[in-house]
Amino acid sequence: MLAEGGEEAKVLAGGQSLLPMLRLRLARAELVVDVNRVPQLRGVWEEADSLVIGAMTTHHDVIHDELVRRHAPLLAAATETVGDPAVRHRGTLGGSLAHADPAGDLPPVVLVLNGELVAEGPRGRRTIPAAEFFVDCLTTALKPDELLVECRVPKLGEGWGFHYEKFRLSAQAPALVGVAVAVRRENGGIAEARVGLTNMGATPLRAATVEVALAGADATAEAVGRAAEAAAEGTSAMYDLSTSPEYRAHLARVLTRRAVLAAAGSE
Amino acid sequence: MNRISVNVDGTTYEDEVEPRLLLVQYLRDRLGLTGTTIGCDTANCGACTVDLDGLSVKSCSVLAVQADGGEVTTIEGLAQGTELHPLQRSFHEQHALQCGYCTPGMIMAARDLLRHNPDPRPEEIRHALRGNLCRCTGYQNIVQAVLAAAAELEAGRGAATSSEAALA
Ligand SMILES: Cc1cc2nc3c(=O)[nH]c(=O)nc-3n(C[C@H](O)[C@H](O)[C@H](O)COP(=O)(O)OP(=O)(O)OC[C@H]3O[C@@H](n4cnc5c(N)ncnc54)[C@H](O)[C@@H]3O)c2cc1C
Ligand code: FES
Ligand code: FES
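Computed from a prediction, not measured in an experiment: that's the story for all the values here.

(A) Spatial organisation of the domain arrangement of chain B. Residues and elements named next belong to chain B. As assigned here, chain B comprises domain 1 (2–77) and domain 2 (86–167). Contacts between the two partners involve 18 residues from domain 1 and, on the opposite side, 13 residues from domain 2. Buried area between domain 1 and domain 2, summed over both chains or domains, comes out near 1,200 Å², and the portion from carbon and sulfur atoms is 52%. The interface formed by domain 1 and domain 2 holds two salt bridges in total. Of the charged contacts, one joins Arg115 and Asp51 as a salt bridge, the two residues approaching to 2.6 Å between their closest N and O atoms. Elements supplying a minimum of two residues to the side of domain 1 that touches domain 2: β3 (49–52) and β4 (55–58). Tallied by class, the residues present in the side of domain 1 that touches domain 2 amount to six nonpolar, ten polar and two charged.

As structure tokens, then:
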């Protein structure tokens, strides 16, 4: 159906972004394909060392899923900060990723977990690494006739700590900046750190310089604070109505320090 | 046009609807259930909150066709005859409304919270109601009203003693 609909066809998942955008005439569609009643697209299961989350799994179900809480607690924690209960009852993980809003909380989480996105279309099935999936603001590597069907994340074993830190101007506002962190601890220090940034550019980004600086660092406020100074390096936060790129860069540094310390359990 | 069958507040309706029709428009314009209000129609204010199959949703961000085969509860389905739901009563008694526009959605969202957290702390109430905007009250009395209703539901007391229970 998507193939027949061409460029003007849209998938309807939770509708929490698409329906408001259609109402506001920010998006238009000739054909809307509702995939809510395709049971295969919902649910969470394990496949060897990966956790597989069906694209149509709602935020609410992600938060309450035992497997997610055990193997991808960062995803559960970030999803808890999304919108409000009614939005989380309808909105889906796949919809959030396919929507690729720079202020979306879940794209940087999947990036930090080194996740993979599985797409299905008339030419079959393909797997796209998260690092290649987010192409631009509201743009992913999905073709118009492809459906996102799964999000796969490697299970991270013992020794990993996680934290999602987000700053917003009001209860309803999207993240001004968010920082998703996974840290592997060893002998009281940080062996390996992954840092993902929300809303510091058109796509979610990894704070690569911070990650390098944290490898082998002490999990102290001083060491982490020093590494976090590079959080805005290579980012391209834009002006918006309320904030300047300088302010967002400042937030990125502060939130990165907080998130890494929390993930390392030194807070 | 699409044929739908929806149970709303205990009554089953069969209707032909346009695919683009929002659930809230169906409830208000087709069924005449105007207790559910529209504040923004873009999923931001929570005024239109109803239950769909046991979960709160913003009915301006659900299509009527998506409710086909489903069960909807609106603010108009809460009272038992002339007896108000404890949340309706506590909003009245605690002065949790001024113009009342946000109230139906506020009560439906609060009801969703109390279903899985019958004894919420004030900050949990604020968190659960973050998607519901009120332009009048400043929210304090809304939180009080939810606490009072929770206490009443917990105590399982009848209507006659509800005010004492609420103040206790
Ligand atoms: C009041 C409010 C507050 C919010 N707050 C937050 C927040 O704090 N943080 C946050 O991250 N998000 C927030 N959101 C957005 C929310 O997370 C949405 O659920 C999400 O952006 C879109 O998911 P959806 O399932 O509703 O998708 P839809 O709205 O149905 O679809 C969004 C887009 O993705 C496409 N799409 C959806 N699923 C697929 C698929 N499987 N394959 C291919 N394309 C697909 C659609 O065609 C559409 O273009 C908020 C939304 C609202 C209304
Ligand atoms: S009218 Fe639906 S959220 Fe405002
Ligand atoms: S009472 Fe007027 S908006 Fe809440």
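Anyway, onward from the coordinates.
(B) Broad picture of the packing of aromatic side chains. All names here are of chain A. Tallied over the entire structure, the rule returns one aromatic pair over all chains. Each ring, one from Phe133 and one from Phe134, has its centre 5.1 Å from the other, and the planes form 90 degrees; the classification is edge-to-face. Judged on exposure class, the residue Phe133 and its partner Phe134 are both buried.

(C) Quick look at the interface of chain A and chain B. Taken residue by residue, the interface counts 24 residues in chain A and 26 residues in chain B. Summed over both sides, the interface between chain A and chain B buries roughly 1,900 Å², with carbon and sulfur atoms accounting for 50% of that surface. Among the residues of chain A in contact with chain B, Arg23, Arg90 and Gln172 of chain A are the three that bury the most area, contributing 30% of the side total. Between Arg23 of chain A and Asp41 of chain B there is a salt bridge, with the nearest N and O atoms lying 2.5 Å from each other. Where chain A touches chain B, the interface holds eleven residue pairs in polar contact (both at pLDDT 80 or more).

(D) Broad picture of helix α1 (residues 23–30) of chain B. Residues Leu23, Val24, Gln25, Tyr26 and Leu27 of chain B constitute the buried set of α1 of chain B. Where α1 of chain B is buried, its residues touch α2 (18–23) of chain A together with β1 (2–8), β2 (11–17), β3 and β5 (71–73) of chain B. Two residues or fewer past α1 of chain B, Gly32 of chain B is found with a positive phi of approximately 75 degrees.

(E) Structural detail: the packing of helix α11 (residues 221–228) of chain A against helix α12 (residues 245–263) of chain A. Residue and element names in this part refer to chain A. Where α11 meets α12, the closest approach of the two axes is 9 Å, and the angle between their N-to-C directions is 140 degrees. Classified by the angle their axes make, α11 and α12 are oblique. The chirality of how α11 crosses α12 is right-handed. On α12, the residues that touch Ala221, Val224, Gly225 and Ala228 of α11 are Arg253, Thr256, Arg257, Val260 and Leu261. Within the contact of α11 with α12, the residues separate by chemical class into five nonpolar, two polar and two charged.

Definitions and limits used
Residues numbered from 1 in each chain as written. Chains lettered and ligands numbered in written order. Predicted model: local features only at pLDDT ≥ 70, side-chain atom pairs only at ≥ 80, totals over all residues. Heavy atoms only, no water. Domains from an automatic or database assignment. Contact = heavy atoms within 4.5 Å. Buried area = accessible area lost by both parts, 1.4 Å probe. Salt bridge = Lys/Arg side-chain N within 4 Å of Asp/Glu carboxyl O. Helix = DSSP H or I, 4+ residues; strand = E, 2+ residues; numbered from the N terminus. Nonpolar A, V, L, I, M, F, W, Y, C, P; charged D, E, K, R; others polar. Phe/Tyr/Trp six-rings, centres within 6.5 Å; stacked < 30°, edge-to-face > 60°. Buried < 20%, exposed > 50% of the residue type's maximum accessible area, 1.4 Å probe, protein only. Polar contact = N/O pair within 3.5 Å; in protein donor to acceptor, adjacent residues only side chain to side chain. Axes fitted to C-alpha atoms, helices over the stretch in contact; angles between N-to-C directions. Parallel < 35°, antiparallel > 145°, perpendicular 65-115°, else oblique. Left-handed = near helix turned anticlockwise from the far one by under 90°.

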